[in-house]
Amino acid sequence: MSARRLDATALRAWAHTAVDELIVHTDEINRLNVFPVADADTGTNMLFTMRSAWAHVDAEPASADVTAVAGALAAGALQGARGNSGVILSQILLGLAEAITAAAAQRDGFLDAVDGALFASSLRHASVLAVTSMGGEPVPGTIVSVLQAAAEAGERCAVAGGDVAEVAAAAGDAAATALDRTPEQLDVLAKAGVVDSGGRGLLVLLDAMTATLAGHAPRRPVYTPAAPQTALADAAAPPQFEVMYLLSGCGAPAVEGLRAALE
């Protein structure tokens, strides 16, 4: 499908394409997973999270506008988020939904489609939410670094007059460049001979957006560990835990209070 505009139909199509592409790349992404916990599940977690988002969109009526579809994606991802990468993905989709909702509010509640400037803005907002979800201290060389590079490139393209398909393509290319730099930013990646697994997953999602809007996406290399799997296992950190939970019935001030107490 080639859309050249990001309306409700195209956003639904992107969710479908994103799931399909994550299925294709799950094993590749899992093999890169050495940070923050070397448990080889980043691709699986992103796939399950995106599937939950897609399922929520499927439950929306066909008449739902782009604001409703974006909101359903965010709600589904939040409720179905798995692992650290799934939580970050849910924040990326929340950034898109909140940016679209804010733009619609400025247009008397109606927004037909997302243009290049709004898509770039949503990437920027998503990067802020992702950083917040990680405690406000982003680690260089992770999915957040890749997302920030994508947002910056998207903003430059939008300022130059690029449409949403061009902005998505620019964001994807910048993400690929930033992904290649992640081993230079994070020692554990360099030692394992891998790029960041979450960043690779994000590139899959951005390329899926380009494919949806422009009808094609760049061919990316297959990212493989430079070190043998046995070496990666030997270099893995001691067993650790990632604890994920969904908090409800709690206002924003109380959430920040809990965050401060946990820190």
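Above this note sits the structure.
Summary of the structure given here.

Scoring rules and cut-offs
Residues numbered from 1 in each chain as written. Predicted model: local features only at pLDDT ≥ 70, side-chain atom pairs only at ≥ 80, totals over all residues. Heavy atoms only, no water. Helix = DSSP H or I, 4+ residues; strand = E, 2+ residues; numbered from the N terminus. Expected span 1.5 Å × (residues − 1). Buried < 20%, exposed > 50% of the residue type's maximum accessible area, 1.4 Å probe, protein only. Contact = heavy atoms within 4.5 Å. Polar contact = N/O pair within 3.5 Å; in protein donor to acceptor, adjacent residues only side chain to side chain. 1 Å grid on protein atoms, 1.4 Å probe; cavity = no way out; pocket = protein on both sides within 12 Å on 5 of 7 lines; lining within 4 Å. Points joined across faces, edges and corners; volume = space filled by probe spheres on them. Nonpolar A, V, L, I, M, F, W, Y, C, P; charged D, E, K, R; others polar.

**Some points on helix H6 (residues 143-159)**
Moving on, step 1. The end-to-end C-alpha distance of H6 is 24 Å, a good match for the 24 Å that 17 residues give at a rise of 1.5 Å each.
Moving on, step 2. With respect to burial, H6 is a largely interior element, twelve of its 17 residues being buried.
Moving on, step 3. For H6, the complete set of buried residues consists of Ile143, Val144, Ser145, Val146, Leu147, Ala149, Ala150, Ala151, Ala153, Gly154, Cys157 and Ala158.
Moving on, step 4. Looking at the buried residues of H6, the elements they touch are helix H2 (42-58), helix H4 (83-105), helix H5 (116-133), helix H7 (164-185) and helix H9 (197-214).
Moving on, step 5. After H6 finishes, the residue glycine 161 shows a positive phi value of roughly 95°.

**A look at the side chain of serine 122**
Moving on, step 1. Inspection of the secondary structure puts serine 122 in helix H5.
Moving on, step 2. Residue serine 122 is classed as buried on the basis of its relative accessible area of 3%.
Moving on, step 3. Engagement of the side chain of serine 122 in a polar contact is seen with the backbone oxygen of phenylalanine 119, the distance being 2.6 Å.

**What to know about empty space enclosed by the protein**
The method is simple in principle: a probe with the dimensions of a water molecule rolls over the atoms, and the space it marks as empty is what remains.
Moving on, step 1. Applying the stated rule across the entire model yields one cavity of 30 Å³ or more.
Moving on, step 2. Quantified by volume, the largest cavity comes out at close to 150 Å³.
Moving on, step 3. Along the wall of the largest cavity there are 13 residues; nearest its centre are Trp14, Ile92, Phe119, Leu123 and Leu206.
Moving on, step 4. Its residues assigned to classes, the lining of the largest cavity shows twelve nonpolar, one polar and no charged.

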